[in-house]
Amino acid sequence: MSGWDQYVTNLTSQGITHAGIFGADGSKWAASPNFPTIDHIKDELSKAFSTQPSGIVVNGEKYIFIRNQDNFVVFRKGADGMVIVKLNQAYIVSVGVNQKPEMLVAATNKIGEYLKNCGY
């Protein structure tokens, strides 16, 4: 278990279905079991924070862009939500099956702020 796993476990213990931490280069630092596949993850994560994001493809399904703020982006596909929080050196991705994005934002952003304050 890497040191990053504790943050993923924290998120999943709060009811988030899948969580992962990925470096800015797309490398996986930690992820929950069965974390969904995001093809071309480096490109998808950086595109999510572009000025005109349209969505992100996860396990072949497109999540539609809902809103963004300075450090996070919210997506939705039917009843499922996704939040990506941008850190200085990495991204935190939370996916919730049958979960509203607002719940994902609160939990993911809290850990994101902590890690940002630690320099990540």
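Residues numbered from 1 in each chain as written. Predicted model: local features only at pLDDT ≥ 70, side-chain atom pairs only at ≥ 80, totals over all residues. Heavy atoms only, no water.

The protein chain is annotated in an unreviewed UniProt entry as Profilin of Didymodactylos carnosus. Word for word, the UniProt comment on the protein chain under Subcellular location (unreviewed entry) is "Cytoplasm, Cytoskeleton". Note on the protein chain: under the UniProt heading Sequence similarities (unreviewed entry), the record states "Belongs to the profilin family." (UniProt positions renumbered as here; feature names shortened; annotations may be inferred.)

Draft legend 1. How the structure looks around the overall build of the protein chain. Summing up its helical and strand segments, the protein chain has three helices and seven strands in all. Walking the protein chain from its N terminus toward its C terminus, one meets helices and strands in the order α-β-β-α-β-β-β-β-β-α. Here the protein chain has a C-alpha radius of gyration of 13 Å; the compact-globule value for 120 residues is 14 Å, and the two agree. Along the longest, intermediate and shortest principal axes, the C-alpha atoms of the protein chain span 30 × 25 × 25 Å. At a minimum sequence separation of 6, the contacts of the protein chain that also span at least 24 residues come to 42%. In the form shown here, the protein chain has an accessible surface area of approximately 6200 Å², with 47% of it arising from carbon and sulfur atoms. Of the charged side chains in the protein chain, 11 are positive and 10 negative; the average position of the first set lies 4 Å away from that of the second. (Helix = DSSP H or I, 4+ residues; strand = E, 2+ residues; numbered from the N terminus. Rg over C-alpha atoms; globule rule 2.2 N^0.38 Å. Contact = heavy atoms within 4.5 Å. Areas by Shrake-Rupley, 256 points an atom, 1.4 Å probe, with all protein chains shown as cover. Lys, Arg positive; Asp, Glu negative; His and termini not counted. Charge placed at Lys NZ, Arg CZ, Asp CG, Glu CD.)

Draft legend 2. Structural detail: the pattern of salt bridges. In the structure shown here, the tally under the stated rule is two salt bridges. The residue Lys47 makes a salt bridge to Glu44 at a minimum N-O spacing of 3.6 Å. On the criterion of helical spacing, the pair formed by Lys47 and Glu44 is a turn pair, its members being three residues apart in helix α2 (residues 41–48). By relative accessible area, which is 45% here, Lys47 ends up partly exposed. A relative accessible area of 11% means that Glu44 is categorised as buried. (Salt bridge = Lys/Arg side-chain N within 4 Å of Asp/Glu carboxyl O. Buried < 20%, exposed > 50% of the residue type's maximum accessible area, 1.4 Å probe, protein only.)

Draft legend 3. Spatial organisation of the pairing of strand β5 (residues 72–77). The pairing of strand β4 (residues 61–68) with β5 spans four bridges and is classified as antiparallel. Looking at β5, one finds that Ile64 is bridged to Arg76. Hairpin connection from β4 to β5: three residues lie between these consecutive antiparallel strands. Bridge analysis of β5 against strand β6 (residues 80–86) gives six bridges, and the strand direction is antiparallel. Bridge pairing in β6 places Phe75 opposite Met82. (Pairing = 2+ DSSP bridges.)

Draft legend 4. Geometry of the packing of helix α1 (residues 5–13) against helix α3 (residues 101–117). The geometry of α1 relative to α3 is characterised by a closest axis approach of 10 Å and an angle of 155 degrees between their N-to-C directions. Overall, the two elements α1 and α3 adopt an arrangement that is roughly antiparallel. Crossing hand, α1 versus α3: right-handed. In this structure, α1 uses Tyr7, Asn10 and Leu11 to contact α3, whose residues at the interface are Ala107, Thr108, Ile111, Tyr114 and Leu115. Tallied by class, residues from the contact of α1 with α3 come to six nonpolar, two polar and no charged. (Axes fitted to C-alpha atoms, helices over the stretch in contact; angles between N-to-C directions. Parallel < 35°, antiparallel > 145°, perpendicular 65-115°, else oblique. Left-handed = near helix turned anticlockwise from the far one by under 90°. Nonpolar A, V, L, I, M, F, W, Y, C, P; charged D, E, K, R; others polar.)

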